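Chain by chain, the residues:
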Amino acid sequence: MELTTKAVALRATDYKENDKYVLLYSLEYGKISVLARGIRKGSAKLRFAVDQFCFGQYELVQTGDRFTLKTCEQLESFYSLREDILAYYAACVIAESIINYTEEGQSEPPVFVETLRALQSLSCGTDPLRVTLRFMLKFFELNGIKLDLNKCIVCGNSGKRYFLSLQKGGLVCDNCRETDDKTVTARTLALCKMVDGIDYERLVNINTSTDVLKESLTLCYRYISNSYFPLKCLLELIKLA
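All residue numbers refer to position in the chain's written sequence, counted from 1. Under the rules for a predicted model, residues below a pLDDT of 70 receive no local features and side-chain atom pairs below 80 are neither given nor counted, while totals for whole chains, interfaces and linings still include all residues. Hydrogens and waters are ignored; side-chain quantities use all the structure's heavy atoms.

**A short note on helix H1 (residues 85-101)**
Moving on, step 1. For H1, built from 17 residues, the straight-helix expectation of 24 Å at 1.5 Å per residue is met to within 8% by its first-to-last C-alpha distance of 24 Å.
Moving on, step 2. The element H1 is extensively covered by neighbouring structure, given that 12 of its 17 residues are classed as buried.
Moving on, step 3. To sort residues, take the accessible area from a 1.4 Å probe on protein chains only and compare it with the maximum for the residue type: under 20% means buried, over 50% means exposed, and anything in between is partly exposed. Numbering of helices and strands starts at the N terminus; helices are DSSP runs of H or I of at least 4 residues and strands are runs of E of at least 2. Regarding H1, the residues found buried are Ala87, Ala90, Ala91, Cys92, Val93, Ile94, Ala95, Glu96, Ser97, Ile98, Ile99 and Tyr101.
Moving on, step 4. Capping the start of H1, Asp84 holds a side-chain oxygen 3.0 Å from the backbone nitrogen of Leu86, two or three residues further along. By this rule, a helix spans an expected 1.5 Å times one less than how many residues it contains. Polar contact is the term for a pair of N or O atoms within 3.5 Å; when the atoms are in protein, one must be able to donate a hydrogen and the other to accept it, and sequence-neighboring residues count only if both atoms are side-chain atoms.

See below:
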C-alpha cells in the first residue's frame, strides 16, 4: 500500500552498505521508521529526504508494519539550523523530545504543529533559548504533565515563593516544601508565565537575560528528567548558552 504524509526527519542511521533508516515524525502517522534504499550512494537523488530536520511531503510504501521511502518533495530544509550551534542544539532538543516521549505510530497533530512552528521560529533567527522554553512548556501541556505555574500542586494555594518538588512532580509552596526541594526564583517563575502559551512571533518582545533563560530551562530539565528521562541535548544547550 502506498501513502503520502507530511513529515519531519528526526534522525537517520546507516543500514547495510547503501541504505539508511530515517525516523520521521508525520502529521498523519506520528513517529515512524522508514527504510531509504540506496540513499547512501553518491548518485542518490533523495539524499536530502534523510537529512535531519528535512520537512517534506513523503511518499511511502507500507508492507505490514514496515515503511519504505518511495519519493519526497522537500517543503523546507531548515538547513540554516546547522549554521548556528545554539539553534542546532535547540532543534535537537525538539527532536529528542519527540523521539523519547511520543509513541510509535500514534498521530498527535497538536504536537506535530508545535514541532513545526518551533523549527520555523528557530530558522527565522528567534533566540534559541526562548524558542526552547516556549516549546518545552507547551510540550509538557500536550503530554499531560503541564507545569502549574500559578499554585501549589499539594494544597492548591498561591504562594509568595515556590519550590520544585521532584518527589511530588511540580511546584510547591513554603508550607508544603521538603528540605531537598529546589528553590524557583521569582524571575524564573515570571519568565515562564510570560512565555507559556505566547505566540512564537512575540518571543522577541520579551525582555529578559540569558541567565534567567538558563534558570528557566534548568527548571524544565529537572522537571522532565523526573517525569521521563533526561533530555541530554537540553542540558548541552544550557551549558553552551
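Don't stop here, the text continues.
**Considering the pattern of salt bridges**
Moving on, step 1. Just to be clear on terms, a salt bridge is a Lys or Arg side-chain nitrogen sitting within 4 Å of an Asp or Glu carboxyl oxygen. Inspection of the entire model under this criterion finds 13 salt bridges.
Moving on, step 2. Between Glu236 and Lys239 there is a salt bridge whose closest N-O contact spans 3.9 Å. Residue Glu236 and its partner Lys239 are located together in helix H6 (residues 232-240), separated by three residues, close to a single helical turn.
Moving on, step 3. Assessed through its relative accessible area of 32%, Glu236 is described here as partly exposed.
Moving on, step 4. Judged by its relative accessible area of 56%, Lys239 is exposed.
Moving on, step 5. One salt-bridge network, in which partners are shared between bridges, spans Lys138, Glu141, Lys146 and Asp196.

**So, the sheet that holds strand S8 (residues 182-184)**
Moving on, step 1. With antiparallel pairing, the three strands of this open sheet are ordered in space as S7-S6-S8. This sheet does not close on itself; its edge strands, each paired only once, are strand S7 (170-172) and S8. Within this sheet the neighbouring strands show an average axis-to-axis angle of 45 degrees, counted without direction.
Moving on, step 2. Each of strand S6 (162-165), S7 and S8 is contacted by helix H5 (residues 210-227), which is oriented at about 35 degrees to S6, the strand it contacts most. A pair of strands counts as paired when DSSP detects no fewer than two bridges linking them. Structural elements are reduced to axes, namely lines fitted to C-alpha atoms, with helices fitted over the stretch in contact, and the angle between N-to-C directions of any two is expressed from 0 to 180 degrees. Only heavy atoms matter for contacts: two residues are in contact if any of them lie within 4.5 Å across the pair.

**Considering the packing of aromatic side chains**
Moving on, step 1. Pairing of aromatic side chains requires ring centres within 6.5 Å, counting the rings of Phe and Tyr and the six-membered ring of Trp. Pairs whose planes differ by under 30 degrees are stacked, by over 60 edge-to-face, and all others tilted. This model, assessed by the stated rule, comprises eight aromatic pairs.
Moving on, step 2. Both rings, one in Tyr25 and one in Phe112, keep their centres 6.0 Å apart while their planes meet at 35 degrees; by these two values the pair is tilted. You can see Tyr25 sitting in strand S2 (residues 19-26) and its partner Phe112 sitting in helix H2 (residues 109-123), a full 87 residues away along the chain. One exposure class covers both Tyr25 and Phe112, and it is buried.
Moving on, step 3. With a centroid separation of 6.3 Å and an interplanar angle of 45 degrees, the aromatic rings of Tyr101 and Phe139 are classed as tilted. With Tyr101 in helix H1 and Phe139 in helix H3 (residues 128-142), the pair connects residues that are 38 residues apart, well separated along the chain.
Moving on, step 4. For Phe139, a relative accessible area of 1% puts it in the buried group.
Moving on, step 5. Connected via pairs of aromatic rings, a cluster forms that spans Tyr25, Phe55 and Phe112.

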